[in-house]
Amino acid sequence: MSRINRRALLLHSGSAVVASSMTATALGAEPPSRDQELSNSLRALIEAHKTAYAEFGKALHELGGGSGDPLRASRQEERALLAICAYPAVGEGNRLAKARYLLEIEARGELDHPEHMRAVLRSTIWKG
(Lines give C-alpha, C1' and ligand atoms only; values in the text may rest on other atoms or scores of the structure.)
Protein backbone atom coordinates (compact mmCIF):
# COMPACT_ATOMS: atom_id res chain seq x y z
CA MET A 1 0.00 0.00 0.00
CA SER A 2 1.59 3.28 -1.05
CA ARG A 3 1.42 6.37 1.07
CA ILE A 4 0.59 9.61 -0.71
CA ASN A 5 2.32 12.55 0.87
CA ARG A 6 1.78 16.25 0.42
CA ARG A 7 4.35 16.64 -2.35
CA ALA A 8 2.95 13.83 -4.46
CA LEU A 9 -0.61 15.07 -4.01
CA LEU A 10 0.26 18.67 -4.91
CA LEU A 11 2.50 17.68 -7.78
CA HIS A 12 -0.25 15.61 -9.39
CA SER A 13 -3.13 17.94 -8.62
CA GLY A 14 -2.17 20.60 -11.15
CA SER A 15 -2.84 23.56 -8.88
CA ALA A 16 -2.09 24.63 -5.37
CA VAL A 17 -2.58 27.57 -3.15
CA VAL A 18 0.56 28.45 -1.31
CA ALA A 19 0.51 30.48 1.80
CA SER A 20 3.62 30.80 3.87
CA SER A 21 3.81 33.20 6.71
CA MET A 22 6.05 33.70 9.62
CA THR A 23 4.60 35.25 12.74
CA ALA A 24 6.75 37.74 14.55
CA THR A 25 7.23 37.37 18.27
CA ALA A 26 7.95 40.15 20.68
CA LEU A 27 11.13 39.74 22.69
CA GLY A 28 10.02 41.99 25.53
CA ALA A 29 10.98 45.44 26.73
CA GLU A 30 14.71 44.78 27.10
CA PRO A 31 16.93 44.66 24.01
CA PRO A 32 17.79 41.08 23.09
CA SER A 33 21.14 39.75 24.20
CA ARG A 34 23.57 38.44 21.60
CA ASP A 35 22.49 34.90 22.55
CA GLN A 36 18.84 35.72 21.74
CA GLU A 37 19.47 37.30 18.34
CA LEU A 38 18.76 35.42 15.16
CA SER A 39 21.96 34.95 13.15
CA ASN A 40 22.20 36.28 9.62
CA SER A 41 22.98 32.80 8.31
CA LEU A 42 19.82 31.22 9.78
CA ARG A 43 17.75 34.22 8.68
CA ALA A 44 19.12 33.74 5.14
CA LEU A 45 18.30 30.02 5.18
CA ILE A 46 14.72 30.70 6.29
CA GLU A 47 14.27 33.39 3.62
CA ALA A 48 15.73 31.05 0.98
CA HIS A 49 13.23 28.35 2.00
CA LYS A 50 10.31 30.77 1.90
CA THR A 51 11.35 31.84 -1.60
CA ALA A 52 11.82 28.23 -2.77
CA TYR A 53 8.45 27.26 -1.26
CA ALA A 54 6.72 30.12 -3.08
CA GLU A 55 8.44 29.15 -6.35
CA PHE A 56 7.31 25.54 -5.84
CA GLY A 57 3.72 26.71 -5.36
CA LYS A 58 3.97 28.96 -8.40
CA ALA A 59 5.33 26.10 -10.53
CA LEU A 60 2.47 23.88 -9.40
CA HIS A 61 -0.07 26.58 -10.17
CA GLU A 62 1.41 27.07 -13.64
CA LEU A 63 1.57 23.33 -14.30
CA GLY A 64 -1.43 23.52 -16.60
CA GLY A 65 0.16 26.33 -18.59
CA GLY A 66 3.39 24.43 -19.09
CA SER A 67 5.68 27.26 -17.98
CA GLY A 68 6.59 25.95 -14.51
CA ASP A 69 8.98 23.13 -13.62
CA PRO A 70 7.48 21.65 -10.44
CA LEU A 71 10.05 18.85 -10.11
CA ARG A 72 12.98 21.27 -10.14
CA ALA A 73 11.13 23.66 -7.82
CA SER A 74 10.29 20.80 -5.47
CA ARG A 75 13.94 19.73 -5.31
CA GLN A 76 15.05 23.29 -4.59
CA GLU A 77 12.44 23.66 -1.85
CA GLU A 78 13.50 20.33 -0.36
CA ARG A 79 17.20 21.33 -0.34
CA ALA A 80 16.33 24.65 1.31
CA LEU A 81 14.29 22.89 4.00
CA LEU A 82 17.05 20.36 4.62
CA ALA A 83 19.53 23.22 5.05
CA ILE A 84 17.38 24.62 7.86
CA CYS A 85 17.02 21.19 9.44
CA ALA A 86 20.80 20.69 9.33
CA TYR A 87 21.67 24.16 10.62
CA PRO A 88 23.46 23.84 13.99
CA ALA A 89 21.46 26.44 15.91
CA VAL A 90 23.75 27.81 18.59
CA GLY A 91 22.28 30.30 20.99
CA GLU A 92 18.77 30.69 22.30
CA GLY A 93 17.57 32.99 19.50
CA ASN A 94 18.66 30.60 16.77
CA ARG A 95 17.25 27.54 18.54
CA LEU A 96 13.88 29.22 19.07
CA ALA A 97 13.68 30.57 15.52
CA LYS A 98 14.65 27.22 14.00
CA ALA A 99 12.21 25.29 16.20
CA ARG A 100 9.33 27.71 15.53
CA TYR A 101 9.90 27.69 11.80
CA LEU A 102 10.18 23.89 11.60
CA LEU A 103 7.05 23.53 13.74
CA GLU A 104 5.17 25.70 11.21
CA ILE A 105 6.42 23.45 8.41
CA GLU A 106 5.49 20.33 10.36
CA ALA A 107 2.01 21.71 11.10
CA ARG A 108 1.42 21.87 7.33
CA GLY A 109 2.47 18.21 7.14
CA GLU A 110 5.58 18.99 5.13
CA LEU A 111 8.36 17.81 7.42
CA ASP A 112 7.68 14.33 6.11
CA HIS A 113 10.97 12.81 4.96
CA PRO A 114 13.30 10.74 7.17
CA GLU A 115 16.14 12.99 5.98
CA HIS A 116 14.50 15.90 7.82
CA MET A 117 14.65 14.15 11.18
CA ARG A 118 18.18 12.85 10.59
CA ALA A 119 19.37 16.36 9.70
CA VAL A 120 17.68 17.90 12.76
CA LEU A 121 19.17 15.28 15.07
CA ARG A 122 22.64 15.59 13.55
CA SER A 123 22.47 19.37 13.94
CA THR A 124 22.11 18.96 17.71
CA ILE A 125 25.36 17.06 18.10
CA TRP A 126 28.05 19.38 19.38
CA LYS A 127 31.28 19.06 17.45
CA GLY A 128 33.76 20.61 19.84
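Quick note: structure is the one above.
Everything numeric in this text was worked out from a predicted model, so none of it was measured.

Participant: Just to check I follow, could you spell out the overall build of the protein chain for this structure?
Facilitator: A count of helices and strands for the protein chain gives five helices and zero strands. Listed by position from the N terminus, the elements making up the protein chain come as α-α-α-α-α. By the burial criterion, 29% of the 128 residues in the protein chain qualify as buried. Sequence separation of 24 or more characterises 78% of the internal contacts of the protein chain that already satisfy a separation of 6 or more. Counting only carbon and sulfur atoms, one obtains 59% of the accessible surface of the protein chain, whose full area is about 8,400 Å².

Participant: Quick question: what am I supposed to make of the packing of aromatic side chains here?
Facilitator: In this description, an aromatic ring pair is defined by two values, namely the gap between the centres and the angle between the planes. Tallying each qualifying case throughout the model produces zero aromatic pairs. In this structure, Arg108 is placed above the aromatic ring of Tyr53, and the distance from its NZ or CZ to the ring centre is 4.4 Å.

Participant: Which parts of the structure should I look at to understand helix α3 (residues 70-86)?
Facilitator: Because each turn of an α-helix spans 3.6 residues, side chains separated by three or four positions end up pointing in the same direction. Between its first and last C-alpha, α3 extends 24 Å over 17 residues, near the 24 Å set by a 1.5 Å rise per residue. Among the residues making up α3, those that are buried are Pro70, Ala73, Ser74, Glu77, Glu78, Ala80, Leu81, Ile84 and Cys85. Along the long axis of α3, the arc covered by the buried residues comes to 165 degrees, so they all point the same way.

Participant: Mind showing me how you'd approach the packing of α3 against helix α4 (residues 92-107) here?
Facilitator: Any two packed helices are characterised by how steeply their axes cross, that is the angle between the axes, and by the distance between the axes. Put simply, α3 and α4 touch, their axes get as near as 10 Å, and they point 140 degrees apart. Between α3 and α4, the interaxial angle falls into the category oblique. Between α3 and α4 the crossing geometry is left-handed. From α3, Leu81, Ile84, Cys85 and Ala86 reach across to α4, where they touch Lys98, Tyr101, Leu102 and Ile105.

Cut-offs applied
- Residues numbered from 1 in each chain as written.
- Predicted model: local features only at pLDDT ≥ 70, side-chain atom pairs only at ≥ 80, totals over all residues.
- Heavy atoms only, no water.
- Helix = DSSP H or I, 4+ residues; strand = E, 2+ residues; numbered from the N terminus.
- Buried < 20%, exposed > 50% of the residue type's maximum accessible area, 1.4 Å probe, protein only.
- Contact = heavy atoms within 4.5 Å.
- Areas by Shrake-Rupley, 256 points an atom, 1.4 Å probe, with all protein chains shown as cover.
- Phe/Tyr/Trp six-rings, centres within 6.5 Å; stacked < 30°, edge-to-face > 60°.
- Lys NZ or Arg CZ within 6 Å of the ring centre and 35° of its normal.
- Expected span 1.5 Å × (residues − 1).
- Arc of directions from axis to C-beta.
- Axes fitted to C-alpha atoms, helices over the stretch in contact; angles between N-to-C directions.
- Parallel < 35°, antiparallel > 145°, perpendicular 65-115°, else oblique.
- Left-handed = near helix turned anticlockwise from the far one by under 90°.

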